[in-house]
Amino acid sequence: MKYIYSTFLLIIISISAHAQLDKGLKQIGSSFSFNSRDFTNENVNTAYDDNDFTLNISPRFGYFINDNVSIGFGLGYTSINNKTEVLRNNSSIPINYKTTTNTFDFSIFSRFHKPITDKFYVFLQPFASASFGKTHSDEYTDNQQVRSLDIGMSPGLLYMINKNFGLESTFGFIGYNHYSTKAVDNPRTATETSRNNIGLDLSTYTLELGLYYYF
């Protein structure tokens, strides 16, 4: 019985041990996000019903160059599926088409952690990321090339389950975003776009969850 109590006590102590984010510590794991959005838009002649589903997976590696300060890089994959229903006033039959976008992402980042308790940390994450991929729509016959660039920062929260495993979440983005598409097959059959934004984004698309191993 004493052996059982001792073993149980050791497990509790190991789980509740104070997590130290010391210089030389490494982290490896992955963050992910998913989002679904449904919206409608109507004008005088046409009604649109859009449904979006976005999935992102981002494996990352980080290294603590100082206590509570890390740098790292990440590789990711993003898939966006959009279904659109168009109903024109002069027709009783809706037109349906699907748009699929797949991109690969590369990012570099730094993190500045501030301990709140033995297990909870808040952090600020400056980063830069670039994405490259293709989008295809049933509305057009050709693919389009997609490129995006983000430079900014996001706040986050880290909870250390024990000294080796941590759960984290980031939400929000402030900075610069560039997004562009370009027809790669026949420029006449698809519309090219380019936009630049600077500002604050607090949409649910910025929410990420992650699980990381510290060693």
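For clarity, every value in this text was computed on a predicted model and none was experimentally measured. (Residues numbered from 1 in each chain as written. Predicted model: local features only at pLDDT ≥ 70, side-chain atom pairs only at ≥ 80, totals over all residues. Heavy atoms only, no water.)

1. A few points about the confidence of the model for the chain
When pLDDT is averaged along the chain, the result is 83; 77% of the residues meet or exceed 70. Below pLDDT 50 for its whole length, residues 7–17 participates in five contacts with residues either more than four positions away or in separate chains. (pLDDT = per-residue confidence, 0-100. Contact = heavy atoms within 4.5 Å.)

2. Quick notes on the environment of Pro155
Within the secondary structure, Pro155 sits in strand S6 (residues 144–160). Given a relative accessible area of 41%, Pro155 falls into the partly exposed group. Distance from Pro155 to Leu124, taken between C-alpha atoms, is 4.6 Å for residues 31 residues apart in sequence. Contacts of Pro155, omitting those with residues within four sequence positions, involve Phe123, Leu124, Ser169, Thr170, Phe171 and Gly172. (Helix = DSSP H or I, 4+ residues; strand = E, 2+ residues; numbered from the N terminus. Buried < 20%, exposed > 50% of the residue type's maximum accessible area, 1.4 Å probe, protein only.)

3. As for the environment of Leu200
Locating Leu200 in the fold gives a position in strand S9 (residues 193–201). Taking relative accessible area as the criterion, Leu200 reaches 58% and is therefore assigned exposed. Through-space distance from the C-alpha of Leu200 to that of Gly175 is 6.8 Å; in sequence the pair is 25 residues apart.

4. Description of the side chain of Glu168
Checked against the element boundaries, Glu168 lands in strand S7 (residues 165–170). Owing to a relative accessible area of 5%, Glu168 belongs among the buried residues under this scheme. There is a polar contact of 2.6 Å between the side chain of Glu168 and the side chain of Arg111. Not counting chain neighbours up to four residues away, the residues in contact with Glu168 comprise Gln27, Ser31, Arg111, Phe123, Leu157, Leu158, Glu208, Leu209, Gly210, Tyr212 and Tyr214. (Polar contact = N/O pair within 3.5 Å; in protein donor to acceptor, adjacent residues only side chain to side chain.)

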